[in-house]
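Examining the three-dimensional arrangement
Now for the letters of each chain:
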Amino acid sequence: MPMHKDFRRLWDVAGYGTQMGSAEVVRPPSDNVVRVYHLTTAEYGISNLALKRLKVARFFELNDPFELLSANCKDVSLRRAAQRHKEEFSTKNGLLCFSSNWTDPVLWSHYAGKHSGICLGLNVDRRVAQRVEYEDSRRVFKLDMTSPGGLSVQVRELLVKTKFKHWEYEGEQRVIVELNAASPEGPLYFVPFNANMELAEVVLGPLCHLDLAAVRALVRSRYTDDVKVFRSRPAFGGFSIVPKESTVNW
């Protein structure tokens, strides 16, 4: 089925660039939200769709030991202050992790069951989405003894969204979640889809064995008809994952 190539220009005008994976499948969202993507296994993806929610990640579960520790901590006083901040912040807060695009095959390999999983495209309120900043070196800060714990508000904000440059392929955007505002289930926390986080796309991985019609039926029963559900495939001319044209249902 032919793709809507004219949509790609609209995504570019909206500030997303020309390489968006879904740019010939759907129109870009409104200006007050940002389209982001959550890649996961088929099992968790179906659970998320059925229960209309996402699991809140905890900082101590993440695969980067430098989370909240992007400061240059050679100074022992700053190192202790940064470690205290990480412990205190991660006790009260979790996060939702998204990518800015879904075309990188490494994303599918690492986070979506080696290409057998699902990618959920969501519209997230721009006021809460934070784009991660990638740096070659750890940031140099000074203790601020006028601020609680010795770290200024600006420093604390930078620590939340700074990662090593080699993580840049993720194009991460994150939403910080106060745990007391999330829904607990045992040791886990969840956030429901709502007006600030709406489902817009469901992309099945190249090796996903789920039945496309069944996934569409589930989505149709739980969401609006605007949500697009389609399969993906390896690109023919480059190292990227792209929509499988024959599965795009207009």
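Residues numbered from 1 in each chain as written. Predicted model: local features only at pLDDT ≥ 70, side-chain atom pairs only at ≥ 80, totals over all residues. Heavy atoms only, no water.

**Notes on the pattern of salt bridges**
In total, this model carries 16 salt bridges according to the counting rule given. A salt bridge links Glu201 to Arg35, with the nearest nitrogen and oxygen atoms 2.5 Å apart. Taken together, the residues Glu201 in strand β11 (residues 197-204) and Arg35 in strand β1 (residues 33-40) connect sequence positions 166 residues apart. Taking relative accessible area as the criterion, Glu201 reaches 0% and is therefore assigned buried. (Salt bridge = Lys/Arg side-chain N within 4 Å of Asp/Glu carboxyl O. Helix = DSSP H or I, 4+ residues; strand = E, 2+ residues; numbered from the N terminus. Buried < 20%, exposed > 50% of the residue type's maximum accessible area, 1.4 Å probe, protein only.)

**What about unusual backbone geometry?**
Positive phi outside glycine occurs at Lys114, with the angle close to 55 degrees. Looking at the element boundaries, Lys114 is found in the loop between α4 (105-111) and β4 (118-125). Even without glycine at this site, His115 takes up a positive phi of about 80 degrees. As for its position among the elements, His115 is in the loop between α4 and β4. Here His115 falls in the buried class, since its relative accessible area comes to 17%.

**So, the sheet that holds strand β9 (residues 183-185)**
Pairing in this open sheet of three strands is antiparallel, and the strands run β2-β10-β9 from one edge to the other. Whereas interior strands pair on both sides, the edge strands pair on one side only; in this sheet they are β2 (53-55) and β9. Each neighbouring strand pair of the sheet contributes to a mean axis angle of 35 degrees, computed without reference to strand direction. Judged from the three bridges that link them, β2 and strand β10 (residues 188-192) form a sheet pairing that is antiparallel. When the sheet's bridge partners are listed, Leu54 is paired in β10 with Val191. (Pairing = 2+ DSSP bridges. Axes fitted to C-alpha atoms, helices over the stretch in contact; angles between N-to-C directions.)

**Description of the pairing of β4**
Most of β4 is tucked away, with eight of its eight residues classed as buried. Side chains Ile118, Leu120, Leu122 and Val124 of β4 all project onto a buried face; the interleaved residues Cys119, Gly121, Asn123 and Asp125 project onto the opposite face, where all are buried too. In terms of strand pairing, β1 meets β4 through eight bridges, oriented antiparallel. Looking at the pairing, Val36 lines up with Leu122 of β4.

**Observations regarding the nonpolar core**
The biggest cluster of nonpolar side chains holds 48 residues, and the ones touching the most others in it are Phe98, Leu120, Leu122, Val124, Met197 and Val202. Contact partners of Phe98, with chain neighbours within four places excluded, come to Val36, Tyr37, His38, Leu54, Leu122, Val124, Gly171, Glu172, Gln173, Val175 and Met197. One finds Cys73, Ala81, Ala82 and Leu159 within the second-largest nonpolar core, a separate group that totals 11 residues. (Core = buried A, V, L, I, M, F, W, Y, C linked by side-chain atoms within 4.5 Å. Contact = heavy atoms within 4.5 Å.)

**Focus on the packing of aromatic side chains**
According to the stated counting rule, one finds five aromatic pairs in the structure shown. Taking the centre distance of 6.4 Å and the plane angle of 85 degrees together, the rings of Trp102 and Trp108 count as edge-to-face. When the centroid spacing of 6.2 Å and the interplanar angle of 55 degrees are considered together, the rings of Trp102 and Phe230 count as tilted. You can see Trp102 sitting in the loop between β3 (93-99) and α4 and its partner Phe230 sitting in strand β12 (residues 228-234), a full 128 residues away along the chain. Summarising the burial analysis for this pair, Trp102 and Phe230 share the class buried. Of note, Arg53 hangs over the ring of Phe190, and the distance from its end group to the ring centre comes to 3.6 Å. Positioned over the ring face of Phe236 is Arg233, at 3.7 Å from the centre of the ring. (Phe/Tyr/Trp six-rings, centres within 6.5 Å; stacked < 30°, edge-to-face > 60°. Lys NZ or Arg CZ within 6 Å of the ring centre and 35° of its normal.)

**With respect to helix α2 (residues 42-51)**
Among all positions of α2, only Ala42, Gly45, Asn48 and Leu49 are buried. When α2 is viewed along its axis, its buried side chains cluster within an angular range of 125 degrees and face the same direction. Exposed side chains of α2 directed beyond 90 degrees from the buried face belong to Glu43 and Tyr44. Among the residues trailing α2, Lys52 stands out with phi positive, at a value near 55 degrees. (Arc of directions from axis to C-beta.)

None of this, on its own, says anything about what the molecule does.
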